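The residues making up each chain are set out below.
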Amino acid sequence: MIFWIFVAESLAAAVLLGVFVPTAAWAWWQTALLALGGFVGAFLALNVLFLLLLFVISLFFPKGEPKKESRFWRRWTVHAVRWILDMLRVRVKVEGRELLPGEPVVLVSNHRSDFDPMAAMVAFSHRPLVYISKESNLRIPIAGAFVRRCHFLPIDRENPRSALATLKHAASLMREEGLDIGIYPEGTRSYKGGPKPFKEGAFLMAKQAGAPIVLMTTEGTEEIAGHVILRRNIVRLRVLRVISAEEVAATTARELTRLSEETLLAALGQTTERPTS
């Protein structure tokens, strides 16, 4: 939608340019080139201005983690993410959205690309979804400032004690603020060969929060970078099943890890012979 708004505004600018710039002495092709140049210039200018607006806003954000998640800045962030995906001609399709319960969840998925959380934020914009991500992602100019306002949490994968503290904090945010927490239990992206072995942290967090686990596959985000603008990219998110809070409480973190990994691998058409002990 945002993409077509920008296109419409750019076309309007091109038409006005053709109307108000004298072209009586010009050939028709020169007039057409003038209009095309006006369209391209207006389109690029609108994008640059919007990016500049986001940058200026980000300068006024206080440093560090906010005390409370902001719904206002969440809406801004989702709109900005949707704008980015629209400009890159990415369309997100969701299956199984109706399975999501009306309570905070831990959203578990395979990890293919840096675009994964962006696709999920747009797909589930009606829910207060935040992600646990590596610290460097939260230092990205503009983007880092906005996602911190939404309560995205940095995690230090190299420091187990610090990582555990982050997971405990995330569990408390679920209980106290009703946030959904998205996490990729592989711990890193998997471009080929299917998901990497899952780590138990996400499932320990779900048990601490007393929250259900939503298992979802992410497909197509790995293609975006190679096809920017040249063609439309389709991202498919499939909600496979929900492990209820009661089942989470009655199952060990190790068993939840194995069950989730096997469910996602099966949905992706893969199997694993990894040891479960």
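Caption draft 1: How the structure looks around the environment of Leu204. Note that Leu204 resides in helix H7 (residues 201-209). Once the C-alpha coordinates of Leu204 and Ala171 are considered, the two residues, 33 residues apart in sequence, prove to be 9.3 Å apart.

Caption draft 2: Broad picture of the nonpolar core. Of all hydrophobic cores here, the largest spans 58 residues; its most connected members are Val108, Phe124, Ile132, Met205 and Ile213. Ignoring any residue separated from it by four or fewer positions in sequence, one finds Met205 in contact with Val106, Ile132, Leu167, Ala170, Ala171, Ile181 and Ile183.

Caption draft 3: Structural view of the pairing of strand E5 (residues 180-183). Residues Asp180 and Gly182 line one face of E5 and the alternating positions Ile181 and Ile183 line the opposite face, and both faces are buried. Where strand E2 (residues 106-109) lies against E5, three bridges are found, and the strand directions are parallel. Its bridge partner lying in E5, Leu107 is registered against Gly182. In terms of strand pairing, strand E3 (residues 129-134) meets E5 through three bridges, oriented parallel.

Caption draft 4: Inspection of empty space enclosed by the protein at higher detail. Evaluation of the coordinates by the stated rule reveals one cavity of 30 Å³ or more. Lining the largest cavity are Leu100, Val105, Leu107, Phe124, Arg127, Leu129 and Asp180. The residue inventory of the lining of the largest cavity, partitioned by class, reads five nonpolar, no polar and two charged.

Caption draft 5: Here's a closer look at the side chain of Thr218. Structurally, the position occupied by Thr218 is in strand E6 (residues 213-219). At 2.7 Å, the side chain of Thr218 and the side chain of Ser109 are in polar contact. Not counting residues up to four positions away in its chain, the partners in contact with Thr218 are Ser109, Asn110, Arg112, Asp116, Arg236 and Leu237.

Caption draft 6: Expanded view of the sheet that holds E6. Ordered by their spatial adjacency, seven strands build an open sheet running E1-E7-E6-E2-E5-E3-E4, and the pairing between neighbours is mixed. Each edge of the open sheet is held by one strand with a lone partner, namely strand E1 (90-95) and strand E4 (153-155). With direction set aside, neighbouring strand axes in the sheet form an average angle of 25 degrees. Where H7 meets the sheet, it contacts E2, E3, E5 and E6, and its direction lies at approximately 160 degrees from that of E2.

Caption draft 7: Broad picture of a nonpolar patch on the surface. Residues Leu49, Leu52, Phe55, Val56, Leu59 and Phe60 make up a contiguous nonpolar surface patch of roughly 630 Å² in combined accessible area. With respect to the element layout, Val56 can be found in helix H2 (residues 28-59). Given a relative accessible area of 37%, Val56 falls into the partly exposed group.

Caption draft 8: Here's a closer look at helix H9 (residues 253-267). The terminal C-alpha atoms of H9, which comprises 15 residues, lie 21 Å apart, in line with the 21 Å expected from a rise of 1.5 Å per residue. Among all positions of H9, only Ala253, Leu256, Thr257, Ser260, Glu261, Thr263, Leu264 and Leu265 are buried. Buried-residue contacts for H9 involve E2, H7, E6, strand E7 (233-243) and helix H8 (245-250). One or two positions beyond H9, positive phi appears at Gly269, with a value near 75 degrees.

Caption draft 9: Region of the structure containing the pairing of E7. Pairing geometry for E1 and E7, over six bridges, is parallel. Note that in E7 the partner of Val92 across the bridge is Val235. Looking at chain direction, E6 and E7 are connected through seven bridges and run antiparallel. Directly across from Met216, in E7, lies its bridge partner Val239.

Caption draft 10: A look at the side chain of Asp180. Tracing the backbone shows Asp180 in strand E5. A distance of 2.5 Å separates the side chain of Asp180 from the side chain of Arg127, its partner in a polar contact. In this view, Asp180 contacts Glu103, Pro104, Val105, Arg127, Pro128, Leu129 and Val130; residues no more than four positions away in its chain are not counted.

Caption draft 11: How the structure looks around the packing of helix H6 (residues 160-177) against H7. It is at 9 Å that the axes of H6 and H7 come closest, and there the two elements cross at 40 degrees. Here H7 runs oblique to H6, going by the angle between their axes. With respect to the hand of their crossing, H6 and H7 are arranged in right-handed fashion. Contacts between H6 and H7 involve Leu167, Lys168, Ala170, Ala171, Met174 and Arg175 from the first element and Gly201, Met205, Gln208 and Ala209 from the second. A breakdown of the residues in the contact of H6 with H7 according to their chemical character gives six nonpolar, two polar and two charged.

Calculation notes
- Residues numbered from 1 in each chain as written.
- Predicted model: local features only at pLDDT ≥ 70, side-chain atom pairs only at ≥ 80, totals over all residues.
- Heavy atoms only, no water.
- Helix = DSSP H or I, 4+ residues; strand = E, 2+ residues; numbered from the N terminus.
- Core = buried A, V, L, I, M, F, W, Y, C linked by side-chain atoms within 4.5 Å.
- Buried < 20%, exposed > 50% of the residue type's maximum accessible area, 1.4 Å probe, protein only.
- Contact = heavy atoms within 4.5 Å.
- Pairing = 2+ DSSP bridges.
- 1 Å grid on protein atoms, 1.4 Å probe; cavity = no way out; pocket = protein on both sides within 12 Å on 5 of 7 lines; lining within 4 Å.
- Points joined across faces, edges and corners; volume = space filled by probe spheres on them.
- Nonpolar A, V, L, I, M, F, W, Y, C, P; charged D, E, K, R; others polar.
- Polar contact = N/O pair within 3.5 Å; in protein donor to acceptor, adjacent residues only side chain to side chain.
- Axes fitted to C-alpha atoms, helices over the stretch in contact; angles between N-to-C directions.
- Patch = residues over 30% accessible without salt bridge, like charges linked within 9 Å, V, L, I, M, F, W, Y side chains within 5 Å.
- Areas by Shrake-Rupley, 256 points an atom, 1.4 Å probe, with all protein chains shown as cover.
- Salt bridge = Lys/Arg side-chain N within 4 Å of Asp/Glu carboxyl O.
- Expected span 1.5 Å × (residues − 1).
- Parallel < 35°, antiparallel > 145°, perpendicular 65-115°, else oblique.
- Left-handed = near helix turned anticlockwise from the far one by under 90°.

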